[in-house]
Amino acid sequence: MPIPCLADRIPDVTGLDALAAGCRAAKEQGAVFIAVEQVGGPGPRWTAKADALTAPQHTIDPAVYNAVREAVIRLIHSHEIRPDSSAGPVYFGLHDVDNEPRARELAAALHAALYGDLDPLTRAVPHAS
């Protein structure tokens, strides 16, 4: 998996076996785990998730963490993700995304941000005007 991972390369970890394999692969690479997962509910919904515990040598700059946290808050306020979504500091879970392409976009933007590139996150979750 490239770092940061582009949207079309984000793994789908729907199901326990896929989730375990994805976490294991990220840990073996020493990379921040990133994935999307289809969840139940009324119609298919998606979660974009990242976990820095798989990359013990990786540090998240406080400015990056604050930018990610603010983006998550904007997504919650716009009702694009559920209020119980997680904004870190180590695990990030964006719950109840409408569709897979948007979940992949958010996951890729989150992954890029966690590796220091905030531009994809700014494009995916712009500030309100």
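Residues numbered from 1 in each chain as written. Predicted model: local features only at pLDDT ≥ 70, side-chain atom pairs only at ≥ 80, totals over all residues. Heavy atoms only, no water.

Let us now look at the side chain of His-95. Relative to the assigned elements, His-95 resides in strand 4 (residues 91–97). The exposure class of His-95 is buried, given its relative accessible area of 17%. Only 3.4 Å separates the side chain of His-95 from the side chain of Thr-47, close enough to count as a polar contact. (Helix = DSSP H or I, 4+ residues; strand = E, 2+ residues; numbered from the N terminus. Buried < 20%, exposed > 50% of the residue type's maximum accessible area, 1.4 Å probe, protein only. Polar contact = N/O pair within 3.5 Å; in protein donor to acceptor, adjacent residues only side chain to side chain.)

Cis geometry is found at the peptide bond from Gly-88 to Pro-89, where omega equals 20°. Mapped onto the elements, Pro-89 comes out in the loop between strand 3 (86–87) and strand 4. Of note in the backbone geometry, His-79 takes a positive phi value of approximately 65° without being a glycine. Along the chain, His-79 falls in the loop between helix 2 (62–77) and strand 3.

On to the sheet that holds strand 3. Read from one edge of the open sheet, four strands run 1-2-4-3, paired in antiparallel fashion. Unpaired on one side and paired on the other, strand 1 (33–39) and strand 3 mark the two borders of the sheet. Bridge analysis of strand 1 against strand 2 (residues 45–51) gives seven bridges, and the strand direction is antiparallel. Across the sheet, residue Ile-34 finds its bridge partner in strand 2, namely Ala-50. Across the face of the sheet, helix 2 comes into contact with strand 3 and strand 4 while running at roughly 20° to strand 4. (Pairing = 2+ DSSP bridges. Contact = heavy atoms within 4.5 Å. Axes fitted to C-alpha atoms, helices over the stretch in contact; angles between N-to-C directions.)

Let us look at the pattern of salt bridges. Inspection of every chain in the model, using the stated rule, returns eight salt bridges. Where Glu-80 meets Arg-102, a salt bridge forms, and the shortest distance between an N and an O atom there is 2.3 Å. One end of the pair, Glu-80, is in the loop between helix 2 and strand 3; the other, Arg-102, is in helix 3 (residues 100–114), with 22 residues separating them in the sequence. Look at Glu-80 and you get partly exposed, because its relative accessible area is 24%. Among the ionic pairs, Arg-102 bridges to Glu-105, the shortest N-O distance being 2.6 Å. Taken together, the residues span about one helical turn, with Arg-102 and Glu-105 both in helix 3 at a distance of three residues. Using a relative accessible area of 35% as the deciding quantity, one classes Glu-105 as partly exposed. Via salt bridges that share partners, Arg-45, Asp-96 and Asp-98 belong to a single interconnected network. (Salt bridge = Lys/Arg side-chain N within 4 Å of Asp/Glu carboxyl O.)

Counting buried positions along strand 2 yields seven of seven residues, so the element is predominantly enclosed. Burial of the side chains of strand 2 extends over both faces: Arg-45, Thr-47, Lys-49 and Asp-51 are buried on one face and Trp-46, Ala-48 and Ala-50 on the other. In the sheet, strand 2 pairs with strand 4 via five bridges, with the strands oriented antiparallel. Paired with Lys-49 across the two strands is Gly-93, which belongs to strand 4.

All right, on to empty space enclosed by the protein then. Rolled over the atoms, a probe sized like a water molecule indicates the empty space that remains. Under the criterion given, the structure shown has one cavity of 30 Å³ or more. Empty space within the largest cavity amounts to approximately 50 Å³. Taken together, Val-68, Ala-71, Val-72, Leu-75, Leu-94, Leu-106, Leu-110, Leu-121 and Val-125 make up the lining of the largest cavity. Per-element tally for the lining of the largest cavity: the top contributor is helix 2, with four residues. Of the residues that constitute the lining of the largest cavity, the class distribution is nine nonpolar, no polar and no charged. (1 Å grid on protein atoms, 1.4 Å probe; cavity = no way out; pocket = protein on both sides within 12 Å on 5 of 7 lines; lining within 4 Å. Points joined across faces, edges and corners; volume = space filled by probe spheres on them. Nonpolar A, V, L, I, M, F, W, Y, C, P; charged D, E, K, R; others polar.)

Interpretation note: all reported values are geometric properties and have no functional meaning in isolation.
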